[in-house]
Amino acid sequence: MSTNLTVVTLAETSPADRAVIGGKAAVLAELSVAGFPVPPGFVVTTAALDDPQLDRRLATVAGGLVGDRFAVRSSGAAEDLPDASYAGLYETYLNVPTDELGEAVRRCFAAATSERVAAYHQRQGGATAAMAVLVQVMVDPAAAGVAFTAHPVTGHRDQTVVAAVAGLGEPLVSGETTGEEWTITAGRTLMTRSAAGGGRVLDDAQAAAVADLSRRIADRYDGQPQDVEWAIDQAGKLWLLQARPMTAVPEPVSWTPPGPGLWMRNFRLGEWLPEAVTPLFATWLLPLLEGGYLDGMKDSVGVRVPFRYALVNGWYFNATPIPSPKLLAQVLWHGRTRAVKILFNALIRVSYDPYAADRAALAELERGWREQQLPNYRRLVASAQGEVETASPRRLAELVDALGREAGISLWYLAIVGGSAWKMEARLTRFARRHLVDVLPEQEGGAQVLLRGLPGAQLVPGGHAVQSVDWYHPVAADLPISQPHRPADRHRELAERRMVAEHRCRAALDDRPRLVADFDRLVKVNQRYAMIREEQASQFTLAWPILRACARRLGQYLVNLGAIEQPDDIYYCTRDEVITAITDSPGQLNGKAAERRTVWQRQRRLAAPLTLGRPARLIGDVIERAVEHARGTTKAEGAVTGHPASAGRASGAVAIVHGPEDFDAFTEGQVLVAKATAPAWTPLFARAAAVVTDGGTLAAHASLVAREYGIPAVVGTGNATQRLRPGQLVTVDGTAGTVTPQG
């Protein structure tokens, strides 16, 4: 093709013409010749602007195509390259009639000299590149969207992600809407997000066809991951609108165990961390919490038994200690009989004789928490609250250190005392199944009926309730959450059922006095520790509003120093960087913060596994074993399975809730599906028909609050947020631990 030609059809171009016709047109011309379904069209080069007969020539060429409406788009020579996409910088005009093509073409050329394009050129280190304009017959789309032949978050090359909207794809490409999303692998086509407003955009076959088209394009370019724009017209034909290399494709992530043994995302502090953590939390508050936990253990038991923890792709994992002879010797030597007594009663005896474990050790630990640690914690929080707004940067750091350590001690008491509740429930469940199966049928809640509607239950969270203990996230007082619907009425109803059930149980055992006495002791100790657990979980995060205030003020201080651009950039700094900035030299942290923010945003969208590695042969999976003892497990074909957290059955439409931004859209009677829930989410339970979470255990927030509201819950599913789709009708069986799609 000669550079002095002004208008040329796609069929007449060659790969050598890229410098004249631009990247977009060159790729589409090549793919069209190769047989891909590209809408017919032509290219207008820069030489056309000097042609006084341009409008007439455009009308003549357009008249040779089948169609009376056209899409007019830029095609820059430097566009759609692996390291520079120019996406969204140029102008596009759709549904242009033949007699307006000249004006649309000129406006496209004019856009090439805009300030935003020039700035992008400058960032790419190059001068302004030549461009052309691509004119194609307009597709009247029933659906349109984009496809990525490598997962844009995880980087996995074996997954194609398809996003779709009804009608034109412009709202999706411009970011106005997220659209329906599909993830397609070699053997599976799965909708992972529904379109706004519900309804289906694509069926399975259409999503698979888009993925197949996109992968064939990637194969043509030696496997280079592709970003593909497509449309399906009103007749059902699939069209290719654009293909370009994906830029900044992340390397595939690896979930390699950080050490020997079984690493659990659901254990201990992991239940309070539903996603990847920020750098500031990882390097400052997390070590404080872990250190405070061990300090609390040392103060109350006399020894430190370290729990191994690590971050894998930003996600917190925890492993039980490997019981080496050296560790056992340390426990026996340093703790003497006290350590052995407390650990035996809190970890072993509590599961088969909770009443005796309470009298021997747990009651004393609970008094230590209530009479010493909790008052100390409250005084420290109140004192810090009084000075946080006027404290110097160094004093703010000291407050963080003190509050973080004390919160860690509170976490220890929650684990050792409050954590006994679900172990005790295992014994109560076995008793009910053996002696009261007719009075407490499993399908009606089983023994859990006796633990609902308890006095003092926290149905409305305090302002310090968190959605994550990562201090980046706002606390309940900062969230626009409507209050639950008649929580007091619901609580009274459950309390009445509980009291009736207790009376019926005693009547059923009336001719066996010893069993009545056993039942009364079991119920009393279970109910007491269920309330203690909720109270301790509520008080654990007392410090978070003050911790966030400290971080906010330190962030503003770093902004004033010029170290970061905005206060919340502090969450993407490390503790050492912050301390150095406030005590020595601020340095320039802007670039580091921006880079870490990007990494964290990608990590938090990963589907992290619940476990890594394998359990030690003599230990096994402690959580799975505890669930089996407490409530049993059920496998059902075609169902999502997890831990049976709150008994009962309910059906409803799935609502996948990612965070506070989705709270207002959650409506009465929906099934709440989330990666995890935390105390700040409690008001949603008043509207939910049932709750399903990827993470969590029997002691997790979702388990406890669902029980208090008397709604079914299944936790620890691993991937319910991926396997279920918004609007899908499901039946949640919290007794069996299954979530079964309907139809």
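Residues numbered from 1 in each chain as written. Predicted model: local features only at pLDDT ≥ 70, side-chain atom pairs only at ≥ 80, totals over all residues. Heavy atoms only, no water.

(A) View of the sheet that holds strand β14 (residues 315-319). A sheet is described by the order of its strands in space; here four strands give the open sequence β13-β14-β12-β15, paired in antiparallel fashion. With one partner strand each, in any of the chains shown, β13 (308-312) and β15 (611-613) form the two edges of the open sheet. Across this sheet, the average inter-strand angle for adjacent strands is 30°, counted without regard to direction. Pairing geometry for strand β12 (residues 262-264) and β14, over two bridges, is antiparallel. (Pairing = 2+ DSSP bridges. Helix = DSSP H or I, 4+ residues; strand = E, 2+ residues; numbered from the N terminus. Axes fitted to C-alpha atoms, helices over the stretch in contact; angles between N-to-C directions.)

(B) Quick look at the pairing of strand β3 (residues 69-76). Taking burial as the measure, the eight residues of β3 include seven buried ones, the bulk of the element. For β3 and strand β4 (residues 92-97), the ladder comprises four bridges, and the chain directions are antiparallel. Its bridge partner being in β4, arginine 69 is matched across the sheet by proline 97. Pairing analysis gives seven bridges linking β3 to strand β5 (residues 131-137), with the strands arranged antiparallel. For serine 74, the partnering residue across the bridge sits in β5 and is valine 133. (Buried < 20%, exposed > 50% of the residue type's maximum accessible area, 1.4 Å probe, protein only.)

(C) Focus on the sheet that holds β4. Reading across from one edge, β1-β2-β5-β3-β4 is the order of the five strands in this open sheet, with antiparallel pairing throughout. What marks the edges here is a single partner per strand, and that holds for β1 (7-9) and β4. The sheet shows a mean angle of 25° between the axes of neighbouring strands, taken without regard to direction. Direction of pairing for strand β2 (residues 41-44) relative to β5: antiparallel, over a ladder of four bridges. Residue pairing in the sheet places valine 43 in a bridge with leucine 134 of β5. Contacts from helix α2 (residues 23-33) reach β2, β3 and β5, with the element oriented near 115° to β3. With respect to the sheet, helix α3 (residues 54-63) is in contact with β1, β2 and β3, its orientation differing from that of β2 by roughly 160°. (Contact = heavy atoms within 4.5 Å.)

(D) Main features of the environment of phenylalanine 431. Summarising the element assignment, phenylalanine 431 is placed in helix α12 (residues 420-435). Spatially, the C-alpha atoms of phenylalanine 431 and aspartate 518 are 9.1 Å apart, while their sequence positions differ by 87 residues. Here phenylalanine 431 is in contact with Leu436, Leu509, Leu515, Asp518, Phe519 and Leu522, once residues within four sequence places are set aside.

(E) Structural context of the pairing of strand β22 (residues 729-733). Across the five residues that make up β22, a large majority, four, are buried. When β22 meets strand β23 (residues 738-741), the two strands line up antiparallel, connected through four bridges. Each bridged residue has a counterpart across the sheet, and for valine 730 the counterpart in β23 is proline 741. What sits between β22 and β23 in their antiparallel hairpin is a turn of four residues, with glycine 737 showing a positive phi close to 80°.

(F) Region of interest: α3. All of the buried residues in α3 are Leu54, Leu58 and Ala62. What you see down the axis of α3 is that its buried residues fit within an arc of 65°, all on one side. Of the exposed residues in α3, those oriented more than 90 degrees away from the buried face are Arg56, Thr60 and Gly63. (Arc of directions from axis to C-beta.)

(G) Molecular detail of the pattern of salt bridges. Using the criterion set out here, one finds 36 salt bridges in the structure. Taking the shortest distance from any N to any O, the salt bridge between glutamate 366 and arginine 370 comes out at 2.7 Å. Taken together, the residues span about one helical turn, with glutamate 366 and arginine 370 both in helix α10 (residues 354-387) at a distance of four residues. The exposure class assigned to glutamate 366 is buried, which follows from its relative accessible area of 7%. Salt bridges sharing common partners tie together Asp358, Glu366, Arg370, Arg528 and Glu535. (Salt bridge = Lys/Arg side-chain N within 4 Å of Asp/Glu carboxyl O.)

(H) Highlighting a nonpolar patch on the surface. On the surface, Val340, Phe344, Leu347, Ile348 and Tyr352 cluster together into a nonpolar patch covering about 460 Å² of accessible area. Tracing the chain through its elements places phenylalanine 344 in helix α9 (residues 325-352). (Patch = residues over 30% accessible without salt bridge, like charges linked within 9 Å, V, L, I, M, F, W, Y side chains within 5 Å. Areas by Shrake-Rupley, 256 points an atom, 1.4 Å probe, with all protein chains shown as cover.)

(I) Quick look at the packing of aromatic side chains. Within this structure, the stated rule accounts for 15 aromatic pairs. When the ring of phenylalanine 267 is compared with that of phenylalanine 307, the centres are 6.1 Å apart and the planes differ by 50°; the resulting orientation is tilted. Here phenylalanine 307 lies in the loop between α8 (279-301) and β13 and phenylalanine 267 lies in the loop between β12 and α8, a separation of 40 residues in the sequence. Through a chain of ring-to-ring contacts, the aromatic side chains of Trp284, Trp471, Tyr472, Tyr571, Tyr572 and Trp600 assemble into a single cluster. Across the ring face of tryptophan 239, the terminal group of lysine 237 is positioned such that the distance to the ring centre comes to 4.8 Å. Between arginine 268 and the ring centre of tyrosine 293, over which it is positioned, the NZ or CZ distance is 4.4 Å. (Phe/Tyr/Trp six-rings, centres within 6.5 Å; stacked < 30°, edge-to-face > 60°. Lys NZ or Arg CZ within 6 Å of the ring centre and 35° of its normal.)

(J) Representation of the packing of helix α14 (residues 513-540) against helix α20 (residues 701-709). Orientation of α14 relative to α20, taken along the N-to-C sense of each, is 120°, at an axis distance of 11 Å. Here α14 is positioned oblique relative to α20, judged by the angle of their axes. In terms of crossing hand, the pair formed by α14 and α20 is left-handed. When α14 is examined against α20, the residues Ala530, Arg533 and Glu534 are found in contact with a partner set consisting of Leu704, Arg707 and Glu708. For the contact of α14 with α20, the class distribution of residues is two nonpolar, no polar and four charged. (Parallel < 35°, antiparallel > 145°, perpendicular 65-115°, else oblique. Left-handed = near helix turned anticlockwise from the far one by under 90°. Nonpolar A, V, L, I, M, F, W, Y, C, P; charged D, E, K, R; others polar.)

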